[in-house]
Amino acid sequence: MMAKIKAVAIALTAAASSHAFTIPQRSNSALQSMVLCSKNDAGFDAMTTTDTSRRNFLVTVATFASAGIPIFSSPSASYASGGATAGKYTTIPIAKRRYYGRVQEAVHEFLLMAPAVIKGDLTDPTVQDFFDVTKTVVVEGKKKDINGVCTKKDGDCKSTDIFDSRYNDMKTSMYLLGNAFRINQQKAPDNLPTVKAAKKFFKEMNQFERRVLKNPKTNDSEAKLIYANALDLLDEYLDLVELPPTESGHYDQEFSTLVGESSRIT
């Protein structure tokens, strides 16, 4: 598990001086061994020949056709985005457009902490910023003027951004994205494999967050183990929501957190 973090840390350190956090591809096994240095269908029900003869089947088809009754329904009516069509739950493609960017940017910033975590330094800015509720704009302020003219009585037409920590936004977007991966509307969110995986990651990272905010140390060996465990749990979640693993190199870049026009991975 430690080797996974080591490779990320080395890559991030080298890239930071030349390409503004453009990280080379990592190795999963490399990153984790460093942190844990001391820790060793489709279609219709077919009519069977035993129940109905070919002749009877043709007669049935002819009868229904003459009556104007459709026999074969459209496949699209049966396979509508995993059952999330009644407006109660977000469909998977829509959820991807809404949350893929936010989840991927959160993973990007999560991995940026690796060099500091290897040192056990929880006072490092990359670690502190990830949990700082004043650092990340989660909702951009909307313009209040009309064609550049302020019509407010108090003259205040400045837009106001809403801030929170990247970690808090990560928890929200991971949960909402995971909740869309369902096959029916009856299953409670907490019973979905995607949501279960997300919550396991949150549980581990909540411990890490407490160490960062309450009494950050410059050589916290326990934090290394927590981070490494969280890294494994994050990979489990990413696989379930159809995103690349952390060692793929996909998260070396920054991502837009705005709602995307496509549900594809960018």
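Here's a quick rundown of the structure. This one's a predicted model, so the numbers in the text were calculated from it and none came from an experiment.

### Regarding the overall build of the protein chain
Item 1. When helices and strands are counted, the protein chain shows 9 helices and 2 strands.
Item 2. Counting from the amino terminus, helix and strand elements in the protein chain follow one another as α-α-α-α-α-α-β-β-α-α-α.
Item 3. By the burial criterion, 37% of the 266 residues in the protein chain qualify as buried.
Item 4. About 15400 Å² of surface is accessible on the protein chain, with carbon and sulfur atoms providing 52% of the total.

### Focus on the nonpolar core
Item 1. Grouped together as the largest cluster of nonpolar side chains are 42 residues, with contacts concentrated most on Phe110, Met113, Met170, Phe201, Met205 and Phe208.
Item 2. Sorting the residues of this core by element identifies α4 (92-112), α5 (114-119), α6 (125-131), α7 (166-180), α8 (193-214) and α9 (221-240) as the ones contributing at least two each.
Item 3. A total of 9 residues in this core trace back to one element, the largest contributor, which is α9.
Item 4. When near neighbours in sequence (up to four residues on either side) are disregarded, Phe208 contacts Met113, Val117, Leu122, Val127, Phe131, Ala223, Ile226 and Tyr227.

### Points about the packing of α7 against α8
The description of two helices packed together rests on the angle between their axes and the distance between the axes.
Item 1. It is at 9 Å that the axes of α7 and α8 come closest, and there the two elements cross at 170°. Between α7 and α8, the interaxial angle falls into the category roughly antiparallel. Each of Tyr167, Asn168, Met170, Lys171, Met174, Tyr175, Gly178 and Asn179 in α7 lies in contact with α8, whose residues at this interface are Thr194, Val195, Ala198, Lys199, Phe201, Phe202, Met205, Asn206 and Glu209.
Item 2. Of the residues contributing to the contact of α7 with α8, the split by class is 9 nonpolar, 5 polar and 3 charged.

### Here we look at the environment of Leu176
Item 1. When you line up the elements, Leu176 lands in helix α7.
Item 2. According to the relative accessible area criterion, Leu176 is partly exposed, its value standing at 32%.
Item 3. Separated by 18 residues in the primary sequence, Leu176 and Thr194 have C-alpha atoms spaced 9.9 Å apart.

### Observations concerning the packing of α4 against α9
Item 1. Running from amino to carboxyl end, α4 crosses α9 at an angle of 155°, the nearest separation of the two axes being 12 Å. As judged from the angle between their axes, α4 and α9 are roughly antiparallel. In the packing of α4 onto α9, the handedness of the crossing is left-handed. Residues Val103, Val107, Phe110 and Leu111 of α4 lie in contact with α9, whose contacting residues are Tyr227, Ala230, Leu231, Leu234, Tyr237 and Leu238.
Item 2. When grouped by side-chain class, the residues that make up the contact of α4 with α9 number 10 nonpolar, no polar and no charged.

### Some words on the pattern of salt bridges
Item 1. Applying the stated criterion across every chain, the model contains 7 salt bridges.
Item 2. Of the charged contacts in the structure, one is a salt bridge between Glu109 and Arg166, with a shortest N-O distance of 3.2 Å. Of this pair, Glu109 sits in helix α4 while Arg166 sits in helix α7, and the two are 57 residues apart along the sequence.
Item 3. Taking the shortest distance from any N to any O, the salt bridge between Lys200 and Glu236 comes out at 3.5 Å. You can see Lys200 sitting in helix α8 and its partner Glu236 sitting in helix α9, a full 36 residues away along the chain.
Item 4. Where salt bridges share partners, they join Arg102, Glu109, Arg166 and Asp169 into one cluster.

Calculation criteria
- Residues numbered from 1 in each chain as written.
- Predicted model: local features only at pLDDT ≥ 70, side-chain atom pairs only at ≥ 80, totals over all residues.
- Heavy atoms only, no water.
- Helix = DSSP H or I, 4+ residues; strand = E, 2+ residues; numbered from the N terminus.
- Buried < 20%, exposed > 50% of the residue type's maximum accessible area, 1.4 Å probe, protein only.
- Areas by Shrake-Rupley, 256 points an atom, 1.4 Å probe, with all protein chains shown as cover.
- Core = buried A, V, L, I, M, F, W, Y, C linked by side-chain atoms within 4.5 Å.
- Contact = heavy atoms within 4.5 Å.
- Axes fitted to C-alpha atoms, helices over the stretch in contact; angles between N-to-C directions.
- Parallel < 35°, antiparallel > 145°, perpendicular 65-115°, else oblique.
- Nonpolar A, V, L, I, M, F, W, Y, C, P; charged D, E, K, R; others polar.
- Left-handed = near helix turned anticlockwise from the far one by under 90°.
- Salt bridge = Lys/Arg side-chain N within 4 Å of Asp/Glu carboxyl O.

Any link to function would need more than the numbers given here.
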